[in-house]
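In case you want the letters, here they are:
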Amino acid sequence: KQEVTQIPAALSVPEGENLVLNCSFTDSAIYNLQWFRQDPGKGLTSLLLIQSSQREQTSGRLNASLDKSSGRSTLYIAASQPGDSATYLCAVKSGNTGKLIFGQGTTLQVKP
Amino acid sequence: GAVVSQHPSWVICKSGTSVKIECRSLDFQATTMFWYRQFPKQSLMLMATSNEGSKATYEQGVEKDKFLINHASLTLSTLTVTSAHPEDSSFYICSGGESDEKLFFGSGTQLSVL
């Protein structure tokens, strides 16, 4: 059974810092991995999607890496801003269905 | 990008009543829609997968008679929480997409059962 774990559960950094969020999964036979952003009481916004054959994806100040063999993914946020404050979720798709297995999330606070 | 419209955003109801949550795909046809539940400080847990024109597939531990899912068209899926109780209070969210590659999520429904 696939399990997804995110560390840390919460993170507080001053504005401008670069930071890394971690995601690990137990079954390396994944289809793809996505990173989402969730604002309080709101839905999810997809940030980056990495296919199983890819090593990383970049979008603006965000960079996500994937190491399938070790069951790990990282989300790197450069030059953090207060507007980046949110909960970040990683989710793994193990088969060719749309079913996603989510981690518990990392709640990020960027202080001005 | 594709949009999934979910209503209502929040609902407060009395214990024993039923609540219906709607998810509409506005600019694509969603053959499959996924329904998740999120308790405070916890992650999203898949409840069921709804397929247009057929019965939904429920995850282990989710009562199909309590959480009724209807996916009668390619643009509308509904989740009805029947005889809601306080322990059903949660954040419910749907997702769908044109393909399995990228899914789009609704804005979620916060249900509070008194």
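See the structure printed just above.
All figures in this text were calculated on a predicted structure; none of them were measured in a lab. Every chain begins its residue count from 1, and numbering advances along the sequence as written. Each chain gets a letter, beginning with A, and each ligand a number, beginning with 1, in the order they are written. Only residues with pLDDT of 70 or above have their local features reported here, since the model is predicted, and side-chain atom pairs are shown and tallied only from 80 upward, although totals for entire chains, interfaces and linings are computed over all residues. Excluding hydrogens and water, the side-chain figures rest on all heavy atoms present in the structure.

(A) Spotlight on the packing of aromatic side chains. For this analysis, a ring pair means two rings from Phe, Tyr or Trp (six-membered ring only for Trp) whose centres lie within 6.5 Å, classed as stacked if their planes differ by under 30 degrees, edge-to-face if by over 60, and tilted for the remaining angles. According to the stated counting rule, one finds six aromatic pairs over all chains in the structure shown. Measuring from ring centre to ring centre gives 5.7 Å for F36 of chain A and F102 of chain A, while their planes differ by 40 degrees; the resulting arrangement is tilted. Here the residue F36 of chain A occupies a position in strand β4 (residues 32–38), and F102 of chain A occupies one in strand β10 (residues 101–102), the gap between them amounting to 66 residues. Type-normalised accessible area, obtained with a 1.4 Å probe on protein chains alone, sets the label of each residue: buried when under 20%, exposed when over 50%, and partly exposed for intermediate values. Assessed through its relative accessible area of 6%, F102 of chain A is described here as buried. Judged by centre distance (6.1 Å) and plane angle (80 degrees), the rings of F102 of chain A and F105 of chain B are edge-to-face. Of the two residues, F102 of chain A sits in strand β10 while F105 of chain B sits in strand β10 (residues 104–105), which places them in two different chains. Each of the two residues, F102 of chain A as well as F105 of chain B, counts as buried. Taken together, the ring pairs connect F36 and F102 of chain A together with Y36 and F105 of chain B into an aromatic cluster. Under the scheme used here, helices are H or I runs from DSSP no shorter than 4 residues and strands are E runs no shorter than 2 residues, and both carry numbers assigned from the N terminus.

(B) Spotlight on the environment of L62 of chain A. Residues and elements named next belong to chain A. Inspection of the secondary structure assignment puts L62 in strand β7 (residues 62–67). Between the C-alpha atom of L62 and that of F102, which follows or precedes it by 40 residues, the distance is 19 Å. Contacts are assigned to residue pairs with any non-hydrogen atoms lying within 4.5 Å of each other. If we skip the residues at most four places from it in the chain, L62 touches L47, L48, Q57, L75, Y76 and I77.

(C) Up close: the state of the cysteines. Residues and elements named next belong to chain B. Criterion for a disulfide: a pair of cysteine sulfur atoms within 2.5 Å. In the structure shown here, the tally under the stated rule is two disulfides over all chains. Note on cysteine connectivity: C23 is disulfide-linked to C94, with sulfurs 1.7 Å apart. For the disulfide bridge between C23 and C94, the dihedral angle about the S-S bond is near -90 degrees, and by the sign convention the bridge is left-handed. Placement of the pair is C23 in strand β3 (residues 19–25) and C94 in strand β9 (residues 90–96), with a sequence separation of 71 residues. With respect to burial, C23 and C94 carry one shared label: buried. We note that C13 lacks a disulfide partner, and the nearest cysteine sulfur, in C23, lies 17 Å from it.

(D) Quick peek at the sheet that holds strand β1 (residues 4–7) of chain A. Residue and element names in this part refer to chain A. Across the sheet, five strands lie side by side as β1-β3-β8-β7-β6; this open sheet has antiparallel pairing. Single-partner strands in this sheet number two, and they are β1 and β6 (56–59). Between one strand and the next, the sheet's axes are offset by a mean angle of 15 degrees, whatever the strand orientation. Strands are labelled as partners when DSSP assigns at least two bridges between them. Summarising the sheet, β1 and strand β3 (residues 19–25) pair through four bridges and their orientation is antiparallel. Residue T5 lies in a different strand from β3, and its bridge partner there is S24. Interaxial angle, 0 to 180 degrees, is taken between N-to-C directions of lines fitted to C-alpha atoms, where a helix line uses only the stretch in contact.

(E) Region of the structure containing the nonpolar core. Residues and elements named next belong to chain B. As used here, the term nonpolar core means buried Ala, Val, Leu, Ile, Met, Phe, Trp, Tyr and Cys residues forming a set that is joined through side-chain atoms within 4.5 Å. Membership of the largest hydrophobic core comes to 23 residues, with the highest contact counts inside it found for W35, F67, L79, Y92 and L111. Counting residues per element, the ones that place at least two in this core are β2 (10–13), β3, β4 (32–38), β5 (44–51), β7 (67–73), β8 (76–81), β9 and β11 (109–113). With three residues, the top contributor of residues to this core is β3. With near-sequence residues (within four places) excluded, F67 lies in contact with R37, M47, Y58, V62, L79, T80, V81, D88 and Y92.

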